[in-house]
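Given next are the chains, with one letter for each unit.
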Amino acid sequence: GENVEQHPSTLSVQEGDSAVIKCTYSDSASNYFPWYKQELGKRPQLIIDIRSNVGEKKDQRIAVTLNKTAKHFSLHITETQPEDSAVYFCAAGGGGANNLFFGTGTRLTVIP
Amino acid sequence: GAVVSQHPSWVICKSGTSVKIECRSLDFQATTMFWYRQFPKQSLMLMATSNEGSKATYEQGVEKDKFLINHASLTLSTLTVTSAHPEDSSFYICSAVTSGGHEQYFGPGTRLTVT
C-alpha cells in the first residue's frame, strides 16, 4: 500500500516568514495530492491540492509543488500569519478507489 | 456546499457495549465514504472504505467484525464499534467523496471514550 512520510513534525516561524513542509510517497500509481489544515478539535479542511499532471499550483499565499519522478511534494506558505498556526497533513491517493493515505502531520506555529 | 455531519459528536460508553456513529452527507450524494481514526496529536489512519450498497473494504490490521460499517444509502454510512474496550477510545472521523470526485469532505468527528 501507499506510505506517506512528512517532515518536519513541528515547525515554528516568525510572522511574515515562509514555511515549507515536505512529503514523500511510495506508490507511483498515486495521482492526487491534497493538503489539509486541522485546527485543534476540528475537522481537516482542504487548503490546496495538486494532480500528477501538474508540477506546481498556487493559491494566494499557498503553493504546492510536485516532483513525480522523485515522488515528493511540498507545501509552501508565504507571509505567514498567526492564524496559519495549525496541524498540516499531506496525503496521497487517487489510485482508483479514491483512498487517501495521510502523512504524520506538521504542527506549524507562527510567532507574532 | 459539500457538508458532512457526524452524530454523535462525543460519546462515553462502558466496556463491552456497542456504539454506533453516523456519517451523513447533507447536500450531496456520496458514493464513497471513508472512516478514519485519529489518536491525540497523531495522523488520520484510514480504517475502511465504504461504497454504497456493497461491503466495506478494510485496511490491514482493522478488525471488520469489531468495526462494522454499513453504507445503506448515498447519504449515510454508519460505523458500529462492537464490544468496545478502553483501547478503542479515539477520535473517529468520516469523509465523503462525490461521484467522480477526488476531494474528500470531512465530518466534524466523534470522540469515543470507553470506560
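That block above? That's the structure.
Remember, predicted model here, so these are calculated numbers, not experimental data. Note that residues are indexed from 1 along each chain, following the sequence as it is written. Think of it this way: whatever chain is written first is A, whatever ligand is written first is 1, and the rest follow in order. Residues qualify for local features only when their pLDDT is at least 70, as the model is predicted, and side-chain atom pairs are given and counted only at 80 or more; totals for whole chains, interfaces and linings, by contrast, use all residues. Hydrogens and water molecules were not included; the side-chain quantities draw on all heavy atoms of the structure.

## Section: the environment of A56 of chain B
Here is step 1: Helix numbers and strand numbers start at the N terminus; a helix is a DSSP run of H or I with at least 4 residues, a strand a run of E with at least 2. By the secondary structure assignment, A56 of chain B is in the loop between β5 (44–51) and β6 (57–58).
Here is step 2: For the pair A56 of chain B and G100 of chain B, spaced 44 residues apart in the sequence, the C-alpha separation amounts to 19 Å.

## With respect to the state of the cysteines
Here is step 1: Two cysteine sulfur atoms make up a disulfide if the distance between them is within 2.5 Å. Counted according to the given criterion, the structure contains two disulfides over all chains.
Here is step 2: Note that C23 of chain A is cross-linked by a disulfide to C90 of chain A, the S-S spacing being 1.9 Å. Since a negative S-S torsion denotes a left-handed disulfide, the C23 of chain A-C90 of chain A link at about -100° is left-handed. Placement of the pair is C23 of chain A in strand β3 (residues 19–24) and C90 of chain A in strand β9 (residues 86–93), with a sequence separation of 67 residues. The two residues C23 of chain A and C90 of chain A agree in class, both being buried.
Here is step 3: For C23 of chain B, the disulfide goes to C94 of chain B, at an S-S distance of 2.0 Å. Handedness of the C23 of chain B-C94 of chain B disulfide follows from its S-S torsion of about 80°: it is right-handed. When a residue's accessible area, from a 1.4 Å probe over protein chains only, is under 20% of the maximum for its type it is buried; when over 50% it is exposed; and in between it is partly exposed.

## Notes on the sheet that holds β3 of chain A
Residue and element names in this part refer to chain A.
Here is step 1: Only when DSSP finds a minimum of two bridges between them are two strands counted as paired. Ordered by their spatial adjacency, five strands build an open sheet running β1-β3-β8-β7-β6, and the pairing between neighbours is antiparallel. With partners counted over all chains shown, the strands left at the sheet margins are β1 (5–7) and β6 (56–59), one partner each. If you compare each strand with its neighbour and ignore which way they point, the axes differ by 15° on average.
Here is step 2: When strand β7 (residues 62–67) meets strand β8 (residues 72–77), the two strands line up antiparallel, connected through six bridges. When the sheet's bridge partners are listed, L66 is paired in β8 with F73. Helix axes are fitted only over the stretch in contact, all axes being lines through C-alpha atoms; the angle between N-to-C directions runs from 0 to 180 degrees.

## Description of the interface of chain B and chain A
Here is step 1: What makes two residues a contact is simply this: any of their non-hydrogen atoms within 4.5 Å. If you look at the interface, chain B gives 20 residues, while chain A gives 19 residues.
Here is step 2: Once two parts are joined, some of their accessible surface, as seen by a 1.4 Å probe, is lost; buried area is that loss totalled over both. Surface buried jointly by chain B and chain A totals about 1,600 Å² across both partners, of which 53% is contributed by carbon and sulfur atoms.
Here is step 3: Any Lys or Arg side-chain nitrogen located within 4 Å of an Asp or Glu carboxyl oxygen qualifies as a salt bridge. The interface formed by chain B and chain A holds zero salt bridges in total.
Here is step 4: Each polar contact in these results corresponds to two N or O atoms within 3.5 Å; when the atoms are within protein, one needs to be able to donate a hydrogen and the other to accept it, and residues that are neighboring in sequence are counted only if both atoms are side-chain atoms. Run the count over chain B and chain A and you get six residue pairs in polar contact (both at pLDDT 80 or more).
Here is step 5: Elements that contribute at least two residues to the side of chain B that touches chain A include exactly β4 (30–38), β5 and β9 (90–98) of chain B.
Here is step 6: Lys, Arg, Asp and Glu make up the charged group, whereas Ala, Val, Leu, Ile, Met, Phe, Trp, Tyr, Cys and Pro make up the nonpolar group; the residues left over, Gly among them, are polar. Its residues placed into classes, the side of chain B that touches chain A shows nine nonpolar, eight polar and three charged.

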